[in-house]
Amino acid sequence: MSRYADFYRQSIDEPEAFWAEQARLIDWETPAAQVLDASKPPFTRWFVGGRTNLCHNAVDRHLAARGDQPALVFVSTETGVERNYSFRELHDEVQRTAASLIALGVGRGDRVLVYMPMIPEAAFAMLACARIGAIHCVVFGGFASGSLASRIEDATPKLIVSADAGSRGGKVLAYKPLLDEAIRLSAHKPDAVLLVDRGLAPMALTEGRDHLAAALLAQHRDAEVPCTWLESTEISYTIYTSGTTGRPKGVQRDTGGYAVALAASMKHIFDGRAGETYFSTSDIGWVVGHSYIVYGPLIAGMATIMYEGLPTRGLDRQPDGGIWWRLVEKYKVTVMFSAPTAVRVLKKQDPALLKKYDLSSLRALFLAGEPLDEPTGRWIADGLGVPIIDNYWQTESGWPILTVANGVEPMPSKFGSPGIPMYGYKVKILHEATGEELTGANEKGVVAIEGPTPPGFMQTVWRDDARFVDTYWKSVPGKLVYSTFDWGIRDEDGYYYILGRTDDVINVAGHRLGSREIEESISGHPNVAEVAVVGVADDLKGQVAMAFVVPKDGAALTDAAAALALEGEIMQRVAGDLGALARPARVRFVGALPKTRSGKLLRRAIQAVCERRDPGDLTTMDDPAALQQIRHLLA
Ligand code: AMP
């Protein structure tokens, strides 16, 4: 048996022994009394009775051996700022922030919502929460008031940490007005708001509620705030993600299991070593940012690069398609993590840029978030001359489910496949309708995971155990098994291929959007009678959202100018409610939407027509003319 096969087998057959060994990769104040508690499936508790702290493991424990080595490298091609923080400086910054949070009344178990651009203060806030046992809920800075409001309402934060503005491609996006509007919309109001002023946009402060970070941090300059030792099963954070319903789910993560999972993945999957530099181009608003910008690299004693800006602009804010490679050379990056979409953007740049810098430090580029198409994979593999490692996972899992574990044993990758199941994951392909396991090669089914789920995997849906069980564990008939809501196949060598979502989730540039969320926003327009939003294949972004709207007054159906005006209003509405990311690429107007006789929207048939594929069996369709109209519109 190969080394990895052995390793994997042990993780499945003897999970307690396997994970007890992995638990040694982090520091514990009290070791676990029980490694695994799977007595109440599908809930899984790891390292029960153990006490640890994420911030201690990410920062404090490195002070003795590498206090003066870089921990966080901040590069903003938006503001032209480049700054290094050593582990010691990071420790100081985090303590100042922690003291400020405490001064604002935040304690263990309280929620702190972080609505921040990619600036170091965002990482300080996350680590400060972890330090004192507060639960952080980071909301992507590109989300607008409606999305933010629903998250504030669900998380009920005592405090919100934010900033005056973010910036993208030189365009400043003021956050404060969006935040004020979100707080106004939310039934829950935070006690306090802590604001970092970058000097990018004016901020109107609400007396008694809003506090400027600079003033508070200055008061706590020399603060010493010890880490609070937390139970391994205590909540470290929640992060919201989209699913089938309009209401986003708060994916809830523990403390000890997550720390161990990340430490193990840094060793076995990413093969990143203490003292080296890790560069993930994601955003702290996504799960990749949590696991592989902030916690993972720091736990491993690596410096992490936090990058604000486009991949095509330099520190002098002039076009520079080589900026990322410049950073790899400058900081001797050994491990890089990005998304296929970003590579597709870079593919449009001069290929000579890949040869212009010394990239000899780089051992591998990891790509995740969406399917990696072969031309993109080959282009970057040829250009960089290092292994390109596709990895498949979800907000829910916290770390890769399918990839290759080159830290355990070097293994070949196959184009188009993220790889094989990672240790701890019992991955199955199940028949959609019967739940029967499909064991043959290349049989298409739902990718599912059998419990107990490994450390780091979501504990539950925040404040909604029933939703966790019903949504994720009861969708396959007759079995208590976790559904990823992805279609997949496994080839004769055991490599998996992901074939798209089984639900109505749209993946735009690696970001997950719920079609229902967008539909709900559009339905709010007074001239919209009905709407269907589908994800349609796109060369650059993987998928884009397309909206089909039945207008209340027929003008948009017959008058091109009226249609254009209404399309503009609808796009603006979605951007205002949810953020620019969710704005549909096009809004088309139709007289009716294709539905089943029982009134269910046929999103998949619409999607098929948009992608010029066969819409399949339409015998249950109520009004075939509706689909025909869409086909004509697109012709
Ligand atoms: P998120 O929770 O936003 O990370 O989105 C997770 C979803 O993105 C998965 O359920 C897949 O549909 C898709 N996804 C993530 N990584 C990959 C990958 N390497 N290959 C194909 N699809 C992926």
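Here, every reference points to the structure presented above.
### Re the overall build of the protein chain
- Secondary structure assignment for the protein chain yields 20 helices and 32 strands.
- The C-alpha atoms of the protein chain give 24 Å as radius of gyration, which agrees with the globular expectation for 635 residues (26 Å, within 12%).
- Its C-alpha atoms give the protein chain principal-axis dimensions of roughly 70 × 65 × 55 Å.
- Within the protein chain, the fraction of its 635 residues that count as buried is 61%.
- The long-range share in the protein chain, meaning contacts at least 24 apart out of those at least 6 apart in sequence, stands at 69%.
- A total of about 23800 Å² of accessible surface is found on the protein chain, and carbon and sulfur atoms cover 51% of it.

### Brief notes about the nonpolar core
- With 120 residues, the main nonpolar core has Tyr4, Trp19, Leu127, Tyr292, Tyr295 and Tyr423 as its most contacted residues.
- Per-element tally for this core: the top contributor is helix α6 (residues 120–132), with 10 residues.
- Other than its neighbours up to four places away in sequence, Tyr423 contacts Tyr4, Phe7, Tyr8, Ser11, Phe18, Trp19, Ala264, Ser265, His268, Ile269 and Trp399.
- Core analysis: the second largest hydrophobic core is formed by 28 residues, Tyr331, Ala342, Val343 and Leu384 among them.

### A closer look at the sheet that holds strand β6 (residues 111–115)
- One open sheet accounts for 8 strands, arranged β12-β11-β8-β6-β7-β14-β15-β25; its pairing is mixed. The sheet terminates laterally at β12 (210–212) and β25 (460–461), the two strands that pair on one side only.
- Strand direction decides the pairing type here: β6 and strand β8 (residues 159–163), joined by 4 bridges, are parallel. Bridging from a neighbouring strand, Val114 pairs with Val161 of β8.
- Sheet strands touched by α6: β6, β7 (135–138), β8 and β11 (192–196). Its angle to β7, the strand with the most contacts, is close to 150 degrees.
- The sheet contacts of helix α11 (residues 287–299) involve β7, β14 (237–241) and β15 (249–253), and relative to β14 the element is tilted by about 140 degrees.

### Looking at empty space enclosed by the protein
- Within the structure shown, the criterion is met by 5 cavities of 30 Å³ or more.
- Its boundaries defined by the atoms lining it, the largest cavity holds a volume of some 70 Å³.
- Forming the walls of the largest cavity are Thr97, Met116, Glu121, Phe124, Ala125, Val161, Leu194, Val196, Ala213 and Leu217.
- Every element with two or more residues in the lining of the largest cavity is listed here: α6, β11 and α9 (213–219).
- Per element, the largest residue contribution to the lining of the largest cavity is 3 residues, and it comes from α6.

### Quick notes on the pairing of strand β27 (residues 496–501)
- Pairing analysis gives 4 bridges linking strand β26 (residues 482–490) to β27, with the strands arranged antiparallel. Counted as the bridge partner of Arg490 is Tyr496 from β27.
- Linking two consecutive strands that pair antiparallel, namely β26 and β27, is a turn of 5 residues; a positive phi of about 85 degrees is found at Gly494 within it.

### Digging into the pattern of salt bridges
- By the definition in use, this model includes 38 salt bridges.
- Residue Arg108 pairs with Glu234 through a salt bridge whose shortest N-O separation is 2.7 Å. Here Arg108, found in the loop between α5 (87–103) and β6, pairs with Glu234, found in the loop between β13 (230–231) and β14; they are 126 residues apart in sequence, far enough to count as distant.
- In this structure, the salt-bridge partner of Arg363 is Glu276, at a minimum N-O distance of 2.7 Å. A residue pair is termed long-range when its members are at least 10 positions apart, and Arg363 in the loop between α13 (340–346) and β19 (364–368) and Glu276 in the loop between α10 (256–268) and β16 (277–280) qualify at 87 residues.
- Look at Arg363 and you get partly exposed, because its relative accessible area is 27%.
- The network of salt bridges with shared partners includes Lys176, Asp180, Arg209 and Asp210.

### Concerning a negative patch on the surface
- Side chains of Glu89, Asp92, Asp222 and Glu224 sit close together on the surface and give a patch of like negative charge.
- Relative to the helices and strands, Asp222 resides in the loop between α9 and β13.
- By relative accessible area, which is 69% here, Asp222 ends up exposed.

### Quick look at the packing of α5 against α6
- Packing of α5 against α6 brings their axes to within 8 Å, and their N-to-C directions diverge by 70 degrees. Classed by the angle they form, the pair α5 and α6 counts as roughly perpendicular. Pair α5 / α6 crosses with right-handed handedness. Facing Leu90, His91, Glu93, Val94, Gln95, Thr97, Ala98, Leu101 and Ile102 of α5, the residues of α6 in contact are Phe124, Ala125, Leu127, Ala128, Cys129, Arg131 and Ile132.
- Of the residues assigned to the contact of α5 with α6, the class counts are 11 nonpolar, 3 polar and 2 charged.

### Regarding the site of the ligand
- Close contacts around the ligand come from 14 residues, with Asp390, Thr395, Asp486, Arg501 and Arg512 the closest.
- Between an oxygen atom of the ligand and a side-chain N or O atom of Arg501, the distance comes to 2.8 Å.
- Arg512 places a polar side-chain atom, nitrogen or oxygen, 2.6 Å from an oxygen atom of the ligand.
- Here the ligand, which alone exposes 490 Å², has 92% of that area covered by the protein.
- Residue assignment for the shell around the ligand shows that the elements contributing at least two residues are β20 (388–391) and β27.
- For the shell around the ligand, the class distribution of residues is 4 nonpolar, 5 polar and 5 charged.

### As for the environment of Val225
- Inspection of the secondary structure assignment puts Val225 in the loop between α9 and β13.
- As a C-alpha pair, Val225 and Asp577 span 352 residues in sequence and 38 Å in three-dimensional space.
- Residues within four places of Val225 in sequence aside, it is in contact with Gln95, Ala98, Ala99, Ile102, Arg131 and Ile132.

### Concerning the packing of aromatic side chains
- All chains considered together, the criterion is met by 39 aromatic pairs.
- Ring geometry for Tyr258 against Tyr295: centres 6.1 Å apart, planes inclined by 75 degrees, an arrangement best described as edge-to-face. Here Tyr258, found in helix α10, pairs with Tyr295, found in helix α11; they are 37 residues apart in sequence, far enough to count as distant. Each member of the pair, Tyr258 as well as Tyr295, carries the same accessibility label: buried.
- Consider the rings of Trp473 and Tyr482, whose centres lie 5.8 Å apart with planes at 65 degrees: the pair is edge-to-face. Here Trp473 matches Tyr482 in class, with each residue buried.
- Note that Arg151 overlies the ring of Phe143, its terminal NZ or CZ placed 4.7 Å from the centroid.

### A short note on the pairing of β15
- With respect to burial, β15 is a largely interior element, 5 of its 5 residues being buried.
- Burial along β15 is two-sided: the residues Lys249, Val251 and Arg253 and Gly250 and Gln252 are all buried.
- Direction of pairing for β14 relative to β15: antiparallel, over a ladder of 5 bridges. Each bridged residue has a counterpart across the sheet, and for Ile239 the counterpart in β15 is Val251.
- As defined by bridge partners, β15 adjoins β25 across 2 bridges and the pair is classed as antiparallel. When the sheet's bridge partners are listed, Val251 is paired in β25 with Val461.

Procedures and definitions
- Residues numbered from 1 in each chain as written.
- Predicted model: local features only at pLDDT ≥ 70, side-chain atom pairs only at ≥ 80, totals over all residues.
- Heavy atoms only, no water.
- Helix = DSSP H or I, 4+ residues; strand = E, 2+ residues; numbered from the N terminus.
- Rg over C-alpha atoms; globule rule 2.2 N^0.38 Å.
- Buried < 20%, exposed > 50% of the residue type's maximum accessible area, 1.4 Å probe, protein only.
- Contact = heavy atoms within 4.5 Å.
- Areas by Shrake-Rupley, 256 points an atom, 1.4 Å probe, with all protein chains shown as cover.
- Core = buried A, V, L, I, M, F, W, Y, C linked by side-chain atoms within 4.5 Å.
- Pairing = 2+ DSSP bridges.
- Axes fitted to C-alpha atoms, helices over the stretch in contact; angles between N-to-C directions.
- 1 Å grid on protein atoms, 1.4 Å probe; cavity = no way out; pocket = protein on both sides within 12 Å on 5 of 7 lines; lining within 4 Å.
- Points joined across faces, edges and corners; volume = space filled by probe spheres on them.
- Salt bridge = Lys/Arg side-chain N within 4 Å of Asp/Glu carboxyl O.
- Patch = residues over 30% accessible without salt bridge, like charges linked within 9 Å, V, L, I, M, F, W, Y side chains within 5 Å.
- Lys, Arg positive; Asp, Glu negative; His and termini not counted.
- Charge placed at Lys NZ, Arg CZ, Asp CG, Glu CD.
- Parallel < 35°, antiparallel > 145°, perpendicular 65-115°, else oblique.
- Left-handed = near helix turned anticlockwise from the far one by under 90°.
- Nonpolar A, V, L, I, M, F, W, Y, C, P; charged D, E, K, R; others polar.
- Near = heavy atom within 4 Å.
- Polar contact = N/O pair within 3.5 Å; in protein donor to acceptor, adjacent residues only side chain to side chain.
- Phe/Tyr/Trp six-rings, centres within 6.5 Å; stacked < 30°, edge-to-face > 60°.
- Lys NZ or Arg CZ within 6 Å of the ring centre and 35° of its normal.

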